[in-house]
Amino acid sequence: MKKYLFSILLLLLCVTNSNAQQKVYIHLNDGTILDYYAWEIDSIKFALDTPPLLTPPDDLTAVDLGLSVKWANYNLGANSITEKGNLVGWGDISGRNHATNLKYFPVENPSGHIVADTYDIARKMWGDSWRLPTESEIQELIDNCIWTWETVDEVDGFRVTGKNDGSNSIFLPVTGKRNGETISEDAQGFYWSGMLDLDNTRCAKALNFTKEDEKKIIIALERYLGFAIRPVFGDYRLPVSLTLNGAENISYKSCVLSGAFGGDYNKFDITSFGICFAKSEDELTVEASSTKRVDASPTSDSFSFSIDNLEEGATYYYKAFAQVDGSYVYSDVLSFTLKTRYVDLGLSVKWATWNIGADNELSVGGYYGWGDATGDLNTTDNSEYAKGNTSTDISGSQYDIAHELWGSKWRLPTQSEFQELLECPREYVNDYNGSRLNGYIIHGKTGSGMEDNYIFIPQAGYKPVNTTTPNYLGETAYYWTSECQTDFVKAYYLTIYSRYAPVSSSEKSTHFPIRPVYDEKSSGTTPGGGETPGGGETPGGGETPGGGETPGGDTTMKVGTAVDLGLSVNWSSINVGAQSSSDYGNYYAWGETEPKDSYTFDNYRLLSDTPDDLNAQESYKNIGSNISNTQYDVAHVKWGKGWRMPTEKEMLELKNNCTWEWTNGGFKVTGKNGNSIFLPATGIFNGNSVSGQPSQGRYWSADVNVYKDSYYAWARGFSLLDDPASYFMGSYIRTIGCAIRPVQDK
């Protein structure tokens, strides 16, 4: 093409100024200027100067030094181990370019590395699997071989001996360097790699060594300089790269993060991979607890992780990582923001977007009796609802189903919060967004700046006990408040109309919908709406706090360290009876303070004194609904000094406000302040043996099960499982042996 363009140029010169004596001037790099009359030039042809392949020496050998690749015993262009060979610019496959203009090496702005590429002169000249070394392969040569300065046939250089058996070696002679036409003869070695300096593309990476201090380093130097080439023999794999996709399936607590591996890599080069995520880029480390990791080679070119237990509405940063040859490769950092189940209407609290029991605003959700935290009571006996409660406001307590199911900052709304909501503009709609639901759209408070925000409250009606079909669905909007009358039989609810919303009362057994509120000011740790844990009863069912025990407890037993996790109480670093955080410690039946050789109904020490039938639930002694800080509290009795068994509420706070990571046979539990404790999977002592270690464990709380059990036969506890990794509250028979992890009030 250049030939034709030049020919056209000459023709135009002749046409535009045919009377002039046209001359062509050629400027050479050495400053020489050649000039010719136009009629003296027959034609001009541009072509690459491609020399024939250099014939490798007959004794060329790929030397095995016990490294990832084999190294040539000669430099490129040399015929003996002491010859420096060709001194070429980086990317010059002709081997003859002595220019100092970077646009010839190989292009002015190279796009990347040239290992095994068209600009790799070792591959071009010697063919087969010979090529330029990578930076990591040169570093491997430096780090994993023995380098000895010596003189061979009056040529200085390094003898590089492999560490495999010490019998194989190569000799790297000093080479000096070429700058344009000038060759320096200093006692240094310069050897190109095939790697571009990505921070400064004017330069490429090279091995440099000198006799002084026997220094050997990798350095970035201008690409037009002429250095020696010491090829390597072996297939080249592009470095592993990682790309991330945007977060998918984003909800208020979870999402899916995925990506793919890139490069010409072998899957077995990757020994582990995963995604780390955090609310700050500074916290994005592979070692962090908020990391999904697979300690194995990938089975495909892509990866995907489901991330859950995230903080509602928070923004998270994430990046992928892969471990290759002991080092980590990372992707770019991306971010996502979780959805929320609440809407800011400019009020004192934020309101849920949908009802309890629903997955979105196009569903009415469930129907619940007042104070039923389980969500499955279906009896007309009002005493079964909020059983044990003595407060007229259960918002944020153990009887508040919104708080129990959705987390610490969620709760039932009070009457005043409902009235505040209903002072906002609202409008009645039929068939909201095609859902076949009728109800009210309530907009943000006028003048709050949130006027464009809104929630939809459906006319869900209510369900009488033991019915499956709601009454007045699509006709009336009834919703429970958190408050009840002083007789504890009836509770208050609102009926929402277009212009007013009267407060009425109904028996607790009536099943109404619930629309929760999100209170950012709430810690969610005060049971019973500010009442004493246990529904206002004296701890221990009337027992004197401390049970008469010595405040110092058992001085022969090791006491844990109080760890602040940013919660309402501090948690012990070890279990009762343990010597370390990973030690299981002792097992105790609920309410007992001494370990036993077996755990059965017959040897349980807290049975009724005069049971009618030893196999009946009535046989269990009522020692109170909460035994924390009583004579039945083993942590209080054995450790003293403010230690006690945790309440169910405090266990739920630990569950909902910390990060949980299964590791080494238990859960590492990390608070938002970065402090952590370890809960080992202790197993369960039932009968004459312990089972479940180290894949499951159970810890007693101080609370008896009060929802459906009038016989006090069951108590609340915390269970750990490793497959799938999970942690949850449950009710368990009091006679089994479980571990105790104490807490201490701040």
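Cut-offs applied
- Residues numbered from 1 in each chain as written.
- Predicted model: local features only at pLDDT ≥ 70, side-chain atom pairs only at ≥ 80, totals over all residues.
- Heavy atoms only, no water.
- Helix = DSSP H or I, 4+ residues; strand = E, 2+ residues; numbered from the N terminus.
- Buried < 20%, exposed > 50% of the residue type's maximum accessible area, 1.4 Å probe, protein only.
- Polar contact = N/O pair within 3.5 Å; in protein donor to acceptor, adjacent residues only side chain to side chain.
- Salt bridge = Lys/Arg side-chain N within 4 Å of Asp/Glu carboxyl O.
- Phe/Tyr/Trp six-rings, centres within 6.5 Å; stacked < 30°, edge-to-face > 60°.
- Lys NZ or Arg CZ within 6 Å of the ring centre and 35° of its normal.
- 1 Å grid on protein atoms, 1.4 Å probe; cavity = no way out; pocket = protein on both sides within 12 Å on 5 of 7 lines; lining within 4 Å.
- Points joined across faces, edges and corners; volume = space filled by probe spheres on them.
- Nonpolar A, V, L, I, M, F, W, Y, C, P; charged D, E, K, R; others polar.
- Patch = residues over 30% accessible without salt bridge, like charges linked within 9 Å, V, L, I, M, F, W, Y side chains within 5 Å.
- Areas by Shrake-Rupley, 256 points an atom, 1.4 Å probe, with all protein chains shown as cover.
- Pairing = 2+ DSSP bridges.
- Axes fitted to C-alpha atoms, helices over the stretch in contact; angles between N-to-C directions.

Student: Looking at this structure, how should I read the environment of Ser 628?
Tutor: Along the polypeptide, Ser 628 turns up in the loop between strand S34 (569-572) and helix H6 (634-639). By relative accessible area, which is 5% here, Ser 628 ends up buried. Through-space distance from the C-alpha of Ser 628 to that of Ala 702 is 5.3 Å; in sequence the pair is 74 residues apart. At 3.1 Å, the side chain of Ser 628 and the backbone oxygen of Met 645 are in polar contact.

Student: I would appreciate a short explanation of the pattern of salt bridges in the present structure.
Tutor: When the charged atoms of two side chains lie near each other, side chains of opposite charge can form a pair. Here the structure, examined in full by the defined rule, presents 21 salt bridges. The residue Lys 350 makes a salt bridge to Glu 520 at a minimum N-O spacing of 3.2 Å. With Lys 350 in strand S24 (residues 350-352) and Glu 520 in the loop between strand S32 (517-518) and strand S33 (562-563), the pair connects residues that are 170 residues apart, well separated along the chain. Look at Lys 350 and you get buried, because its relative accessible area is 16%. Between Asp 564 and Lys 746 there is a salt bridge; the shortest N-O distance is 2.9 Å. With a gap of 182 residues between them, Asp 564 in the loop between S33 and S34 and Lys 746 in the segment after strand S44 (743-745) connect regions that are remote in the sequence. Here Asp 564 falls in the partly exposed class, since its relative accessible area comes to 33%.

Student: I would appreciate a short explanation of the packing of aromatic side chains in the present structure.
Tutor: Each pair of aromatic rings is reported with the distance of its centres and the angle of its planes. Inspection of the entire model under this criterion finds 46 aromatic pairs. Pairing Tyr 493 with Phe 512 gives two aromatic rings, centres 4.5 Å apart and planes at 45 degrees, and the pair type is tilted. Of this pair, Tyr 493 sits in strand S30 (residues 490-496) while Phe 512 sits in the loop between strand S31 (503-507) and S32, and the two are 19 residues apart along the sequence. One exposure class covers both Tyr 493 and Phe 512, and it is buried. Among the aromatic residues, those joined into a cluster by ring pairs are Tyr 462, Tyr 472, Tyr 478, Trp 480, Tyr 493 and Phe 512. Taking NZ or CZ as reference, Arg 341 lies 4.3 Å from the ring centre of Trp 406, over its face.

Student: Please explain the layout of surface pockets as it appears in this structure.
Tutor: Empty space left among the atoms is revealed by rolling a probe the size of a water molecule over them. Empty space within the second largest pocket amounts to approximately 1,000 Å³. At the level of elements, helix H3 (135-144), strand S11 (188-196) and strand S21 (327-330) are the ones that each hand at least two residues to the lining of the second largest pocket. With 5 residues, the single largest contributor to the lining of the second largest pocket is H3. The residue makeup of the lining of the second largest pocket, split by class, is 11 nonpolar, 7 polar and 11 charged.

Student: Just to check I follow, could you spell out a nonpolar patch on the surface for this structure?
Tutor: Residues Ile 26, Leu 34 and Tyr 36 make up a contiguous nonpolar surface patch of about 230 Å² in total accessible area. Along the polypeptide, Ile 26 turns up in strand S1 (residues 23-27).

Student: Before we go on, may I ask you to explain the sheet that holds strand S28 (residues 454-458) in this structure?
Tutor: Two strands in a sheet stick together by hydrogen bonds in their backbones, pointing the same way (parallel) or opposite ways (antiparallel). If you trace the 3 strands from one edge of the open sheet to the other, you get S26-S27-S28, paired in antiparallel fashion. Every other strand in the sheet has two partners, leaving strand S26 (426-429) and S28 as the edge strands with one partner each. Pairwise comparison of adjacent strand axes, ignoring direction, gives a mean angle of 25 degrees for this sheet. Across 4 bridges, S26 lies against strand S27 (residues 439-443) in antiparallel orientation. Opposite Tyr 428, over in S27, you have Tyr 440 as the bridge partner.

Remember, this is a structural readout, not a statement about activity or role.
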